[in-house]
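# Examination of the molecular architecture
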Amino acid sequence: MKKHICLLPGDGIGPEILAQGKKVLEACAAKRGHEFVFESANIGGAAIDAEGCPLPESTIAKCKASDAVYLSAVGGPKWDAQPPSNRPEKGLLGIRKELGLFANLRPALMLPELAGACLLRPEAAKLGLDLIVVRELTGDIYFGEPRGTEVRDGLRTGYNTMIYNEEEIRRIAKVGFETAMKRRKNVVSVDKSNVLETSRLWRAVVAEVHKDYPEVALSNMYVDNAAMQLVRDPSQFDVILTGNIFGDILSDEASAITGSLGMLPSASVGSSGPGLFEPVHGSAPDIAGQDKANPLATILSGAMMLRLGLNMAEEADMIEKAVSKALKDGYRTADIMEEGKTLVGCQKMGDIVAANL
Ligand code: IPM
Ligand code: MG
């Protein structure tokens, strides 16, 4: 198969980790007789520096013309002084919106090889962790209008709007239940319906959609309780279905519990058109350019791209196995280093995974 992949290297460690992801995809294509045609485009701070804005029109066009978009990370202190409308993050939010990527899938899995890195007490860690956050990605307080800052009664005042309509909730709820059907058939819908109108509608619509999925167990949890339950016993969760802001927070929490934020991939998909695949972690400007970053979350995002975006499930399995083998063989980047293991840099880790294919 011939597929066009748009690369968005972004900022910080972005370029170096994406180079490893590309290397692994190329090795996989060679092995399986596919052809991946790569095209690169600017996003985030890199785009501000090169073209004056975080999401140039040419980047949107290249993404839309591709079969899948492969992104690493955006942002960094260098662009902190940019006005809110021109921050690197606007590039990421903008491309999600432009491509209609309303569903963000963030699996958090504790690999047996890395159980030692888990931040929980051994009794809790022993229970294991294999969940997926299904996060709505193009609505909520992230995009709600009105928003702004102004002076009210002589005080500087900032405001945003948390807003969802029933259709936005319905389509993400469907993704949540469909995801559960392929897993352990358990959905916990997370909201704050004891306080927020948006959440009350969320809960009602999720219950309506649930009627089409009688095999799936549905329960509701307030977001504060969910944050607590995640550290108390993450093994109780299969699918966490939630809105944009709660999903942002809980997915970082879930991934950090595994002890290896540098390991976790994500997929963002819409109802049609190319999906976008990126690691959950950020651009880590403090270690950029030092060949220290962990490329595995990016490489695993490449596997998600093959499975969910390009219909190449066997190739996705190959990459995931190649990553497991690298870990089983004892190779570790600094963030997941443990005594007795072999410390490798970003490039070397990419080489090892590519060779394992
Ligand atoms: C994420 C990030 C982004 C978000 C930022 C960089 C805009 O935290 O992908 O989780 O909040 O969605
Ligand atoms: Mg986040």
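Residues numbered from 1 in each chain as written. Chains lettered and ligands numbered in written order. Predicted model: local features only at pLDDT ≥ 70, side-chain atom pairs only at ≥ 80, totals over all residues. Heavy atoms only, no water.

## Points about unusual backbone geometry
Which entries qualify depends on this criterion: Helix and strand assignments come from DSSP, with helices taken as H or I runs of at least 4 residues and strands as E runs of at least 2, each series counted from the N terminus. In this scheme, a residue with accessible area under 20% of its type's maximum is buried, one over 50% is exposed, and one in between is partly exposed, where area comes from a 1.4 Å probe on protein chains only.
Between Glu145 and Pro146 the backbone carries a cis peptide bond, its omega angle lying at 0 degrees. You can see Pro146 is positioned in the loop between strand E5 (130–136) and strand E6 (148–152). In this structure, Lys185 is a non-glycine residue whose phi angle is positive, near 60 degrees. Within the chain, Ala284 stands out as a residue other than glycine whose phi angle is a positive 35 degrees. Mapped onto the fold, Ala284 is located in the loop between strand E12 (275–279) and helix H10 (296–309). The exposure class of Ala284 is partly exposed, given its relative accessible area of 26%.

## Here we look at the pattern of salt bridges
Filter applied, for reference: Criterion for a salt bridge: a side-chain nitrogen of Lys or Arg within 4 Å of a carboxyl oxygen of Asp or Glu.
Scanning all chains against the criterion turns up 26 salt bridges. Among the ionic pairs, Asp329 bridges to Lys325, the shortest N-O distance being 2.8 Å. Each of the salt bridges in this network shares a partner with another, and the network as a whole consists of Asp130, Arg183, Arg184 and Asp238.

## Quick look at helix H9 (residues 244–257)
Rules: A helix is expected to span 1.5 Å for every residue after the first. Residue contacts follow a heavy-atom distance rule, with two residues in contact if any of their heavy atoms lie within 4.5 Å.
Along its 14 residues, H9 runs 20 Å from first to last C-alpha, staying within 8% of the 20 Å computed at 1.5 Å per residue. The complete set of buried residues in H9 reads Asn244, Phe246, Gly247, Leu250, Ser251, Glu253, Ala254, Ser255 and Ile257. Of the surrounding secondary structure, the elements contacted by the buried residues of H9 are strand E4 (103–109), E5, strand E8 (186–191), helix H7 (197–210), helix H8 (223–232) and strand E10 (239–242). Gly259 lies just past H9 and shows a positive phi near 85 degrees.

## Side note on the site of ligand 1
Inclusion rule: If a single non-hydrogen atom of a residue is within 4 Å of a molecule or strand, that residue counts as near it. Whenever a nitrogen or oxygen atom comes within 3.5 Å of another N or O atom, the pair is scored as a polar contact, on the condition that within protein one atom can donate a hydrogen and the other can accept it, and that pairs from neighbouring residues in sequence are kept only if both atoms are in side chains. Here the accessible surface of atoms and residues is derived via Shrake-Rupley with a 1.4 Å probe, and residues count as covered only by protein chains that are part of the display. Charged residues are taken to be Asp, Glu, Lys and Arg, nonpolar residues to be Ala, Val, Leu, Ile, Met, Phe, Trp, Tyr, Cys and Pro, and polar residues to be all remaining types, Gly included. Here the limits of each domain have been adopted from an automatic or database domain assignment.
Around ligand 1 sit Glu89, Leu92, Leu93, Arg96, Arg106, Arg135, Tyr142 and Asp248, and that is every residue in its neighbourhood. Between ligand 1 and the protein, one listed contact pairs an oxygen atom with a side-chain N or O atom of Arg106 at 2.8 Å. Alone, ligand 1 offers 320 Å² of accessible surface; in the complex the protein occludes 78% of this. Taken together, the residues of the shell around ligand 1 sort by class into three nonpolar, no polar and five charged. Looking at which domains feed residues into the shell around ligand 1, each of domain 1 (1–106 + 276–357) and domain 2 (119–257) gives three or more.

## So, the domain arrangement of the protein chain
Spelled out, the test is: As used here, buried area is the combined drop in accessible area, with a 1.4 Å probe, of two parts when they are placed together.
Segmenting the protein chain into domains produces domain 1 (1–106 + 276–357) and domain 2 (119–257). Taken together, the twelve residues of domain 1 in the interface contact 19 residues of domain 2. A buried area of about 1400 Å², summed over both sides, lies between domain 1 and domain 2, and 63% of it is on carbon and sulfur atoms. When the area that domain 1 buries against domain 2 is broken down by residue, the three leading residues are Phe102, Asn104 and Arg106, summing to 47%. Counting across the interface, domain 1 meets domain 2 through zero salt bridges. Where domain 1 meets domain 2, there are five residue pairs in polar contact (both at pLDDT 80 or more). Grouping the constituent residues of the side of domain 1 that touches domain 2 by class yields six nonpolar, two polar and four charged.

## Some words on the packing of aromatic side chains
Keep this limit in mind: Ring pairs are drawn from Phe, Tyr and Trp, using the six-membered ring of Trp, whenever the two centres fall within 6.5 Å, and their geometry is named by plane angle: stacked under 30 degrees, edge-to-face over 60, tilted for the rest. By the criterion adopted, a ring carries a charge over it if an Arg CZ or a Lys NZ lies within 6 Å of its centre and within 35 degrees of its normal.
Counted according to the given criterion, the structure contains three aromatic pairs. Here Phe36 and Phe38 contribute two aromatic rings whose centre-to-centre distance is 6.3 Å and whose plane-to-plane angle is 70 degrees, an arrangement assigned as edge-to-face. Take Phe36 and Phe38: they sit in the same class, and that class is buried. Look at Tyr164 and Trp202: their rings are 5.4 Å apart centre to centre, the planes differ by 50 degrees, and that puts the pair in the tilted class. Of this pair, Tyr164 sits in the loop between strand E7 (155–159) and helix H6 (166–181) while Trp202 sits in helix H7, placing them 38 residues apart in sequence. Tyr164 gets classed as buried once you look at its relative accessible area, which sits at 8%. Judged by relative accessible area, Trp202 falls into the buried class, the value being 3%. Across from the ring centre of Phe38, 5.3 Å away, lies the NZ or CZ of Lys22, which sits over that ring. The aromatic ring of Tyr159 is capped on one face by Arg152, whose charged end is 4.6 Å from the ring centroid.

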